[in-house]
Amino acid sequence: MGKSNHLTWHQSTITKTDRHQENGHKSCVLWFTGLSGSGKSTLANAVDQALFKAGFRSYVLDGDNIRHGLNKDLSFGVSDRKENIRRIGEVAKLFVDSGQIVSSAFISPFLEDRAQVRNMFENGEFIEIFLNCPIQICEDRDPKGLYRKARIGEIPEFTGISSPYEIPDNPEIIIETGRMSIEESVKEILKYLKERKIL
Ligand SMILES: Nc1ncnc2c1ncn2[C@@H]1O[C@H](COP(=O)(O)OS(=O)(=O)O)[C@@H](OP(=O)(O)O)[C@H]1O
Ligand SMILES: Nc1ncnc2c1ncn2[C@@H]1O[C@H](COP(=O)(O)OP(=O)(O)O)[C@@H](O)[C@H]1O
């Protein structure tokens, strides 16, 4: 429940279905989840670029970026990560209502938090994409030098090292980014969207 009992939902005049018809495609959230360095930002942006070039309406919500603004009040403790994902879920829902394909790139380490976001969407709208990549590979990549800092104790509660990552139990798509190229990974995701008639 919200903080007031005096709120009334206002139905928008233009429906999500109207927007789908106008855009010529359905909307959904591509929920990328995985360790730091598993490839979330890279793939979310590559998929977004492919969709944009092909004339689809799409957008990326990225962990680092959102934590600079909307969620800059949140830490990496368990309850703040939970709140982070709850807010992103709400933002992603707005994008889906607006008729777009939104790619979200957040570690989102907890099963329960991802399940709660999934429950906010209609059937088929929430597409969980698990970037399955061994931590050794993520750590070797270390694109931002964060694993090195986490190993020497400069970053507390670092996912995979001093904070848990709960593996998805039934994701729609699994991409092994340790052995697949970026191009192959993008193709796999676009194939899924076409098969499900989202595109
Ligand atoms: N302690 C700790 N653990 C994990 N990650 C950390 C931490 N501190 C900072 N960072 C940086 O923040 C990015 C992850 O933010 P998220 O919002 O995706 O995290 S979470 O979903 O709330 O767990 C993450 O981005 P990615 O590397 O793209 O995953 C890091 O750049
Ligand atoms: N199949 C792949 N998908 C995504 N990234 C890949 C893949 N193969 C190699 N990489 C590399 O892995 C790194 C992933 O970094 P990044 O996208 O920042 O990860 P994250 O957002 O999960 O922290 C990049 O340097 C990227 O070029």
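Residues numbered from 1 in each chain as written. Chains lettered and ligands numbered in written order. Predicted model: local features only at pLDDT ≥ 70, side-chain atom pairs only at ≥ 80, totals over all residues. Heavy atoms only, no water.

Caption draft 1: Examining the packing of helix 2 (residues 40-53) against helix 8 (residues 182-195) more closely. At their nearest, the axes of helix 2 and helix 8 sit 10 Å apart, and the two run at 60 degrees to each other. Put simply, helix 2 runs oblique to helix 8. Regarding helix 2 and helix 8, the two cross each other, and that crossing is right-handed. Contact residues: Thr42, Leu43, Ala46, Val47, Ala50 and Leu51 in helix 2; Ile182, Ser185, Val186, Ile189, Leu190 and Leu193 in helix 8. Its residues assigned to classes, the contact of helix 2 with helix 8 shows ten nonpolar, two polar and no charged. (Axes fitted to C-alpha atoms, helices over the stretch in contact; angles between N-to-C directions. Helix = DSSP H or I, 4+ residues; strand = E, 2+ residues; numbered from the N terminus. Parallel < 35°, antiparallel > 145°, perpendicular 65-115°, else oblique. Left-handed = near helix turned anticlockwise from the far one by under 90°. Contact = heavy atoms within 4.5 Å. Nonpolar A, V, L, I, M, F, W, Y, C, P; charged D, E, K, R; others polar.)

Caption draft 2: Spatial organisation of the UniProt feature "binding site: ATP" (unreviewed entry) in the chain. Within this numbering scheme, the UniProt entry marks Gly34, Leu35, Ser36, Gly37, Ser38, Gly39, Lys40 and Ser41 as carrying the feature "binding site: ATP" (unreviewed entry). Considered against the largest pocket, the annotated residues that line it turn out to be Leu35, Ser36, Gly37, Ser38, Gly39, Lys40 and Ser41. Relative to the helices and strands, Gly34 is located in the loop between strand 1 (28-33) and helix 2. Excluding its chain neighbours within four sequence positions, the residues that come into contact with Gly34 are Lys40, Phe106, Ile107, Leu131 and Tyr165. Within the element layout of this structure, Lys40 appears in helix 2. When sequence neighbours within four positions are dropped, the list of residues in contact with Lys40 reads Phe32, Thr33, Gly34, Leu35, Ala105, Phe106, Ile107 and Leu131. Polar contacts involving the side chain of Lys40 include one to the main-chain carbonyl oxygen of Leu35, which spans 3.0 Å. (UniProt positions renumbered as here; feature names shortened; annotations may be inferred. 1 Å grid on protein atoms, 1.4 Å probe; cavity = no way out; pocket = protein on both sides within 12 Å on 5 of 7 lines; lining within 4 Å. Polar contact = N/O pair within 3.5 Å; in protein donor to acceptor, adjacent residues only side chain to side chain.)

Caption draft 3: Fine view of the side chain of Glu125. Along the chain, Glu125 falls in the loop between helix 5 (111-119) and strand 4 (126-131). There is a polar contact of 2.5 Å between the side chain of Glu125 and the side chain of Lys16. Setting aside chain neighbours within four positions, we find Glu125 in contact with Lys16, Ser27, Cys28, Val29 and Val96.

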